[in-house]
Amino acid sequence: MQHFWVTKKTVQRKLGSKEDEHIISSDSELDAKIEIFKSINETTSELSRIIDLYQERLCVLSQEECVFGRFLKEAGKRSKTTALSITNTGKSVTYCGQQRMCVRVPLLRLQHEVNIYRNRAITDTQSTISAMERERTEYRAALEWMKSSSSELDPDTGRGVDKFRTAQSHVRGAKQIFDTLSMDSIQKEIYRIKMYEE
């Protein structure tokens, strides 16, 4: 019976049907933390992409400066009147191109750290959130099952009591697992936010 309710709740969530507002409001802190996590995930992904583009453009600019510097040095050798100044300018531009490449080492280190953060922290938190979302669906399905079986309950005749107790035990178990995973998710997200801010 539990599988029916879980499947029904999964379909309802996929289709976006309205859920009980009291249940939704009880998860508001968790949902806020998940939104922050999604923002951090998108931001770190964007940061990694920007660092890649910056490195690429930095290399292209450095190469162009070196080529331009060599051109100026060659032009300085051919010029009789301004040879010294053109050659010196060529040397300076070449030197700037070489120095620009020195920025690449800290950029590579930064990109490495961002990638490690994304691969470890984001992936770990994402797996915890996925498990928590599955348990949230299980828990909400168990609540609906209990609500349905309580409407069929007749305490005078005892009809439906076993069905209600079975649903109630599923609610307790699902709630305990969901609470554990949601607390774990919130703690990981708070830790990740602090890491991200540093």
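As the structure is a prediction and not an experimental result, all values here were calculated from the model. (Residues numbered from 1 in each chain as written. Predicted model: local features only at pLDDT ≥ 70, side-chain atom pairs only at ≥ 80, totals over all residues. Heavy atoms only, no water.)

Quick look at the UniProt feature "domain: AH" (unreviewed entry) in the protein
Residues given the UniProt feature "domain: AH" (unreviewed entry) here are residues 25–188. For residues 25–188, the helix share is 90%, the strand share is 0%, and the end-to-end C-alpha distance is 21 Å. (UniProt positions renumbered as here; feature names shortened; annotations may be inferred. Helix = DSSP H or I, 4+ residues; strand = E, 2+ residues; numbered from the N terminus.)

Re the nonpolar core
The nonpolar side chains of a soluble globular protein tend to be buried with one another. Membership of the largest hydrophobic core comes to 18 residues, with the highest contact counts inside it found for L30, M132 and Y139. Those elements giving two or more residues to this core turn out to be helix 3 (28–78), helix 5 (104–151) and helix 6 (161–197). Here this core takes nine residues from helix 5, the largest share from any one element. (Core = buried A, V, L, I, M, F, W, Y, C linked by side-chain atoms within 4.5 Å. Buried < 20%, exposed > 50% of the residue type's maximum accessible area, 1.4 Å probe, protein only.)

Regarding the packing of helix 3 against helix 5
Contact geometry of helix 3 with helix 5 gives a least axis separation of 10 Å together with a crossing angle of 155 degrees. For the element pair helix 3 / helix 5, the angle class is roughly antiparallel. The handedness of the crossing between helix 3 and helix 5 comes out as left-handed. Per-class residue counts for the contact of helix 3 with helix 5 are 17 nonpolar, nine polar and six charged. (Axes fitted to C-alpha atoms, helices over the stretch in contact; angles between N-to-C directions. Parallel < 35°, antiparallel > 145°, perpendicular 65-115°, else oblique. Left-handed = near helix turned anticlockwise from the far one by under 90°. Nonpolar A, V, L, I, M, F, W, Y, C, P; charged D, E, K, R; others polar.)

Here we look at the pattern of salt bridges
Going through the model one piece at a time under the given rule, you end up with seven salt bridges. In this structure, R136 and D31 form a salt bridge, with 3.0 Å as the shortest nitrogen-oxygen distance. Residue R136 is found in helix 5, and its partner D31 is found in helix 3; the two are separated by 105 residues along the sequence. Here R136 falls in the buried class, since its relative accessible area comes to 2%. Each of D31, E133 and R136 takes part in salt bridges that share partners, so that together they form one network. (Salt bridge = Lys/Arg side-chain N within 4 Å of Asp/Glu carboxyl O.)

Quick word on the packing of aromatic side chains
Tallying each qualifying case throughout the model produces two aromatic pairs. Centroid distance F68 to F71: 6.5 Å. Interplanar angle 20 degrees. Geometry classified as stacked. Of the two residues, F68 and F71 both sit in helix 3, three residues apart, roughly one turn of that helix. Look at Y139 and F178: their rings are 5.7 Å apart centre to centre, the planes differ by 10 degrees, and that puts the pair in the stacked class. Of this pair, Y139 sits in helix 5 while F178 sits in helix 6; the two residues are 39 residues apart in sequence, bridging distant segments of the chain. (Phe/Tyr/Trp six-rings, centres within 6.5 Å; stacked < 30°, edge-to-face > 60°.)

Regarding the environment of I24
With respect to the helices, strands and loops of the structure, I24 is situated in helix 2 (residues 21–26). For I24 and R134, which are 110 residues apart along the polypeptide, the C-alpha to C-alpha distance reads 15 Å. Once you skip the residues sitting within four places of it in the chain, I24 turns out to touch E19, D31 and R140. (Contact = heavy atoms within 4.5 Å.)

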